[in-house]
Amino acid sequence: MALASRLLSKSTRQLCASQVVLRPKHAIPIRSFAKEAIAPTALKGDQVLKDIFYEVKNKLETLIGVLQKEKINIDPEDPAAVSEYAKVMNSVSQKANLLSESQTIKFNIEVETHEIPDARTYLLKLKEMRVKRGLIDEQGIEDLQMAALDKVEKEIKKPLMRNDKKGIALLTAEFDKINQKLGIRKEDLPKYEEQLELKITKAQLEELKKDALEAMETQKNREEFKDEEMPSVKSLDIRNFI
């Protein structure tokens, strides 16, 4: 049950987050909410909540339907298992109209950084979000970006603000140099996005494996199961718990 709960919890969080993107006419933009006290009049509040509830309910039923049919191999060390799990979750996202992991990250960045005025705090926030998601900066890009920012701020003799078009142009030029040095090209962005999806997928499988081992260890300590041999995590079928 812990496995299914972990899987459904993650998907349900996506469902709730996606409502802001998928239902813009019913959402209250964050900036407008801070500045205006006028409530939307297109629909009464109760009706909006009902519509969102039924939309989430329908999407949740859709994703459960997909997960009940697909076999998930809990083996984060097997590239084939990671790739197959990514395909299953992509199928869930498409059929339930959810955000992909990359889209979710992009959306979260926009939400959490839209009021940050300066470039340094913005980059530090991106690093904080990366660490929270368990992603590794393998190439040390963040350090290179901060060094580039130091160079630009030294040149303009003041902190770089995000509305400083000339300063941002200088920083962008420095970032382009970093990308060129690391061999990162714009046309390869879809490939990088796919690699990111696989990294996140592997991390999710590692969480599922950890939950499975904890659940089996708890069961093993119960008197009635002490003489039973625990199965391999790879042999578990999550469909039996949904």
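Residues numbered from 1 in each chain as written. Predicted model: local features only at pLDDT ≥ 70, side-chain atom pairs only at ≥ 80, totals over all residues. Heavy atoms only, no water.

Notes on the packing of helix α7 (residues 141-156) against helix α8 (residues 165-182)
Link 1 in the chain: In contact at an axis separation of 9 Å, α7 and α8 are set at 145 degrees when each is read in the N-to-C sense. Regarding α7 and α8, the two cross each other, and that crossing is right-handed. Of the residues in α8, those touching α7 at I141, L144, Q145, A148, L149, K151, V152, E155 and I156 are G167, L170, L171, E174, F175, K177, I178 and L182.
Link 2 in the chain: The residue inventory of the contact of α7 with α8, partitioned by class, reads 11 nonpolar, 2 polar and 4 charged. (Axes fitted to C-alpha atoms, helices over the stretch in contact; angles between N-to-C directions. Helix = DSSP H or I, 4+ residues; strand = E, 2+ residues; numbered from the N terminus. Left-handed = near helix turned anticlockwise from the far one by under 90°. Contact = heavy atoms within 4.5 Å. Nonpolar A, V, L, I, M, F, W, Y, C, P; charged D, E, K, R; others polar.)

Notes on the pattern of salt bridges
Link 1 in the chain: Across all of its chains, the model carries 11 salt bridges by this definition.
Link 2 in the chain: Of the charged contacts in the structure, one is a salt bridge between E153 and R120, with a shortest N-O distance of 2.7 Å. Note that E153 is positioned in helix α7 and R120 in helix α6 (residues 119-132), a separation of 33 residues in sequence.
Link 3 in the chain: Judged by relative accessible area, which is 14%, E153 ranks as buried.
Link 4 in the chain: A salt bridge links D188 to R185, with the shortest nitrogen-to-oxygen separation between them at 3.0 Å.
Link 5 in the chain: For D188, a relative accessible area of 13% puts it in the buried group.
Link 6 in the chain: Linked by salt bridges that have partners in common, E112, K125, E128 and K132 make up one network. (Salt bridge = Lys/Arg side-chain N within 4 Å of Asp/Glu carboxyl O. Buried < 20%, exposed > 50% of the residue type's maximum accessible area, 1.4 Å probe, protein only.)

Concerning the UniProt feature "coiled-coil region" (unreviewed entry) in the chain
Link 1 in the chain: The sites that UniProt annotates as "coiled-coil region" (unreviewed entry) are residues 191-222.
Link 2 in the chain: The straight-line gap between the two end C-alpha atoms of residues 191-222 is 47 Å; of that span, 94% is helix and 0% is strand. (UniProt positions renumbered as here; feature names shortened; annotations may be inferred.)

Things to note about α7
The α-helix winds at 3.6 residues per turn, so residues separated by three or four positions along the chain end up facing the same way.
Link 1 in the chain: Taking 1.5 Å as the rise per residue, α7 with 16 residues should run 22 Å; its terminal C-alpha atoms sit 23 Å apart, in good agreement.
Link 2 in the chain: Of the residues making up α7, those classed as buried are E142, M146, A148, L149, V152 and E153. Mapping the buried residues of α7 onto a view down its axis gives an arc of 160 degrees, with all of them on the same face. Residues of α7 that are exposed and point more than 90 degrees away from the buried face comprise D143 and K154.
Link 3 in the chain: Taken together, the buried residues of α7 touch α6 and α8.
Link 4 in the chain: With its phi angle positive at about 60 degrees, K157 sits one or two positions after the end of α7. (Expected span 1.5 Å × (residues − 1). Arc of directions from axis to C-beta.)

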